[in-house]
Amino acid sequence: MSDKEVMLAVLFYGLLLISAIFSFVYGIICFFKKGKPLYAQLVTCGMGCFVMAYIFQILQIFITKEIETGFQVGNLGIIGAMAFFFTASFGELDDDVDDGYKSLRKYRLLAFIAPLVILIIYLPSLFSSISMQTKIVTLVQFIFIGPAAYYSFKHLIIPDVDVGIVTPIRAYNLVQLLIELFLTLELGAINFNGEVMAIIFVVILSILFVISIPLLKKGVSKWTRQ
Amino acid sequence: MDTTIVSLFICIAVPLILVLFFLEKKAKQTILFFILGMFVCLYISGINGLLLKAFNSDYFYVTTTITPISEEIAKAIPIIFFAYVFTSDRKTLITISFALGVGFAVMENAYLILNNDDISIAWAFVRAFGAGLMHSLCTAAVGYGMSLVRERKKLAFCGTFALLTTAIIFHATYNLLVQSDLKVLGFILPVIAYVPLFIFNIVKYIKNKKSAPITK
């Protein structure tokens, strides 16, 4: 890689890093106190995973002067973040949102659209010129993005039966779903060497990172008021 | 495996094991996990040697990508086991995690001293602060998280995995930095992560002392 390419890659990962740091620090200030919901703490930890992944990726590019296309630890950051988002939605929130009523069945099924879209975005990567190792790494990332996207979409469309939990955080759930979608698109664009598209997705992702935690704070504050 | 390092482990671990029977529960747990940390280091050094061979002795790739994964998983297993079988008490889990991390770091530093001729007091300080803190913090993060996720079964699997990935990335970033021109930054990284926690604990301690009733 030339110095210019290195600087460009560092610049764009830097943009993602700064926005993720903003969200992470804001989340720590707002949610890491006694009595604050574990759901919000887990989401903040997810943002922390993004921060660490981008720090690693920037340093690796800066030190080795090349972008590692196969497996690298930075990939684990996305996987870890998705695992945190999934844990927050499935482990912490879903029991209160979905009691297993038959009337909610259609929402449960409709929510499968999100992982399906993720899968559709991934499929072309199988036929790109990237190495088999990169294809597998991308697939593993998508495997973790899929379930997280399922619950983001489910909590976006499911009606609040009586508890009033999902309505206040619908805006946040939409942003989280968009993060998962644009992350997938960015990975796809990188696999097809679509640099311009990747840059656009990076900028959109940065904006989404910045607004996610403030939106979550707004929603969660309505929980605590009830 | 190198007999010198095994001998070193025996020399440190045996007296500690013998003293275990005379200690109180908390001290016993701490010492036990310190020994366990040293054992994990000994065990994983053998595994890492095999991994290095498997990856054509590409030392940089293995230490920045593979060993952080193997080491963090090996360190997390005893903590996860303890959290699931015995207790989810946060204080206990953090204490034993720190002890395990420190045990691991002590053994690793001892191993490096034995295999490195170019040792200085400055090197020792840098290793002690850098690797010592890094290993303890990574393991403590898993311990802290286990206390959160252990109580809810639905949180457990993914939560544990997510915490492990966090520890792995932190470890890999440290390994990446210490092998580059940004070495100093690598040794500062664990200190940067440690200082806020240290200040937080001190503030908490002072607050607790102030609010505690005075007893004669």
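Residues numbered from 1 in each chain as written. Chains lettered and ligands numbered in written order. Predicted model: local features only at pLDDT ≥ 70, side-chain atom pairs only at ≥ 80, totals over all residues. Heavy atoms only, no water.

Visitor: In this structure, what is going on with the overall build of chain A? I would like to understand it.
Guide: Along the backbone of chain A there are eight helices and zero strands. A compact globule built from 226 residues would reach a C-alpha radius of gyration of about 17 Å, and chain A, at 18 Å, matches this within 12%. Overall size of chain A, expressed as C-alpha extent along the three principal axes, is 60 × 40 × 25 Å. Taken over 226 residues, chain A has a buried fraction of 55%. In chain A, once contacts between residues fewer than 6 apart in sequence are set aside, the share between residues at least 24 apart is 78%. Split by element, the accessible area of chain A, about 10,100 Å² in all, is 71% carbon and sulfur. (Helix = DSSP H or I, 4+ residues; strand = E, 2+ residues; numbered from the N terminus. Rg over C-alpha atoms; globule rule 2.2 N^0.38 Å. Buried < 20%, exposed > 50% of the residue type's maximum accessible area, 1.4 Å probe, protein only. Contact = heavy atoms within 4.5 Å. Areas by Shrake-Rupley, 256 points an atom, 1.4 Å probe, with all protein chains shown as cover.)

Visitor: Just checking my understanding: could you explain the overall build of chain B for this structure?
Guide: A count of helices and strands for chain B gives seven helices and zero strands. Reading chain B from its N end, one meets helices and strands in the order α-α-α-α-α-α-α. In summary, chain B has a C-alpha radius of gyration of 18 Å against a globular reference of 17 Å for 216 residues, a match within 12%. Referenced to the eigenvectors of the C-alpha coordinate spread, the extents of chain B come out at roughly 60 × 40 × 35 Å. Taking as baseline every contact in chain B between residues at least 6 positions apart, the subset at least 24 positions apart corresponds to 68%. Chain B carries 18 positive and 11 negative side-chain charges, and their two centres are separated by 19 Å. (Lys, Arg positive; Asp, Glu negative; His and termini not counted. Charge placed at Lys NZ, Arg CZ, Asp CG, Glu CD.)

Visitor: I tried to follow the side chain of Lys154 of chain A on my own but got confused; where do I start?
Guide: All names here are of chain A. Along the polypeptide, Lys154 turns up in helix α6 (residues 132-157). A polar contact is formed between the side chain of Lys154 and the side chain of Asp94, at a distance of 3.1 Å. Excluding residues that lie within four positions of it along the chain, Lys154 makes contacts with Asp94, Asp98, Arg108 and Ala111. (Polar contact = N/O pair within 3.5 Å; in protein donor to acceptor, adjacent residues only side chain to side chain.)

Visitor: Can you help me understand the pattern of salt bridges in this one?
Guide: Side chains that carry opposite charge are capable of pairing whenever their charged atoms lie near each other. Under the counting rule described, the total for this entry stands at five salt bridges over all chains. In this structure, Arg127 of chain B engages Glu108 of chain B in a salt bridge whose closest nitrogen and oxygen atoms are separated by 2.9 Å. Here Glu108 of chain B lies in helix α4 (residues 90-114) and Arg127 of chain B lies in helix α5 (residues 121-149), a separation of 19 residues in the sequence. Salt bridges sharing partners connect three or more residues here, namely Asp94, Asp98, Arg108 and Lys154 of chain A. (Salt bridge = Lys/Arg side-chain N within 4 Å of Asp/Glu carboxyl O.)

Visitor: Just to check I follow, could you spell out helix α5 (residues 113-126) of chain A for this structure?
Guide: Residues and elements named next belong to chain A. With 14 residues, α5 extends 20 Å from end C-alpha to end C-alpha; this agrees with the ideal 20 Å at 1.5 Å per step. Considered for burial, the residues of α5 that qualify are Ala114, Ile118, Ile121, Tyr122 and Ser125. Considered in projection along α5, the buried side chains sweep an arc of 95° and stay on one side of the axis. (Expected span 1.5 Å × (residues − 1). Arc of directions from axis to C-beta.)

Visitor: How do you make sense of the interface of chain B and chain A when you look at a structure like this?
Guide: It is common to give the size of an interface as the accessible area lost on bringing the parts into contact. Tallying the contact residues gives 25 residues for chain B and 30 residues for chain A. Where chain B touches chain A, the interface holds zero salt bridges. Applying the counting criterion to the chain B and chain A interface returns zero residue pairs in polar contact (both at pLDDT 80 or more). Only α3 (59-85) and α6 (153-178) of chain B provide two or more residues apiece to the side of chain B that touches chain A. Looking at the side of chain B that touches chain A element by element, the count peaks at 16 residues for α6 of chain B. Of the residues in the side of chain B that touches chain A, the class split is 16 nonpolar, seven polar and two charged. (Nonpolar A, V, L, I, M, F, W, Y, C, P; charged D, E, K, R; others polar.)

Visitor: I tried to follow the environment of Lys222 of chain A on my own but got confused; where do I start?
Guide: For Lys222 of chain A, the position within the fold is in helix α8 (residues 195-225). Once the C-alpha coordinates of Lys222 of chain A and Ile63 of chain A are considered, the two residues, 159 residues apart in sequence, prove to be 46 Å apart.

Visitor: Sorry, what's going on with the nonpolar core here?
Guide: One broad rule of soluble globular proteins: the nonpolar side chains tend to lie buried together. In terms of nonpolar packing, the biggest core is built from 73 residues, with Tyr39, Phe50, Phe209 and Leu216 of chain A touching the most fellow members. Going through the elements one at a time, α1 (3-31), α2 (38-64), α3 (73-97), α5, α6, α7 (170-191) and α8 of chain A together with α6 of chain B are the ones with two or more residues in this core. For this core, the element with the most residues is α2 of chain A, which contributes 12 residues. Excluding anything up to four places from it in sequence, Phe50 of chain A contacts Ala20, Ile78, Ala81, Met82, Phe85, Ile179, Leu183 and Phe209 of chain A. (Core = buried A, V, L, I, M, F, W, Y, C linked by side-chain atoms within 4.5 Å.)

Visitor: Before we go on, may I ask you to explain the packing of aromatic side chains in this structure?
Guide: Aromatic ring pairs are reported here in terms of the distance separating the ring centres and the angle at which the planes meet. Residues and elements named next belong to chain A. Tallied over the full model, the rule gives 23 aromatic pairs over all chains. An angle of 55° between the planes, with centres 6.4 Å apart, marks the rings of Tyr54 and Phe209 as tilted. Of the two residues, Tyr54 sits in helix α2 while Phe209 sits in helix α8, which places them 155 residues apart along the sequence. Here Phe86 and Phe90 contribute two aromatic rings whose centre-to-centre distance is 5.1 Å and whose plane-to-plane angle is 15°, an arrangement assigned as stacked. Residue Phe86 and its partner Phe90 are both found in helix α3; the two are separated by four residues, about one turn of the helix. Of the residues examined, Phe90 reaches a relative accessible area of 23% and is grouped as partly exposed. Counting every residue linked through ring pairs, the aromatic cluster contains Tyr13, Phe50, Tyr54, Phe85 and Phe209. Seen from the ring of Phe62, Lys65 lies directly overhead, with NZ or CZ sitting 5.1 Å from the centre. (Phe/Tyr/Trp six-rings, centres within 6.5 Å; stacked < 30°, edge-to-face > 60°. Lys NZ or Arg CZ within 6 Å of the ring centre and 35° of its normal.)

Visitor: What should I look at first to understand the packing of α6 of chain A against α7 of chain A in this one?
Guide: When two helices pack together, their arrangement is captured by the angle between the axes and the distance separating the axes. Residues and elements named next belong to chain A. Two elements in contact, α6 and α7, have axes whose closest approach is 9 Å; the angle formed by their N-to-C orientations is 160°. One finds that α6 runs roughly antiparallel with respect to α7. By crossing handedness, the relation of α6 to α7 is classed as left-handed. Contact residues: α6 offers Thr134, Thr138, Gln141, Phe142, Ile145, Ala148, Ala149, Ser152, Phe153, His155, Leu156 and Ile157, while α7 offers Arg170, Asn173, Leu174, Gln176, Leu177, Glu180, Leu183, Thr184, Leu187 and Asn191. Looking at the contact of α6 with α7 residue by residue, the classes come out as 11 nonpolar, nine polar and two charged. (Axes fitted to C-alpha atoms, helices over the stretch in contact; angles between N-to-C directions. Parallel < 35°, antiparallel > 145°, perpendicular 65-115°, else oblique. Left-handed = near helix turned anticlockwise from the far one by under 90°.)

Visitor: Where do I start with a nonpolar patch on the surface in this structure?
Guide: Residues and elements named next belong to chain B. Taken together, the side chains of Tyr194, Val195, Phe198, Ile199, Ile202, Val203, Tyr205 and Ile206 define a hydrophobic patch exposed on the protein surface, amounting to about 710 Å² of accessible area. Secondary-structure assignment places Ile206 in helix α7 (residues 183-211). Note on Ile206: relative accessible area 42%, which makes it partly exposed. (Patch = residues over 30% accessible without salt bridge, like charges linked within 9 Å, V, L, I, M, F, W, Y side chains within 5 Å.)

Fair warning: the whole summary comes from geometry, so function is off the table for now.
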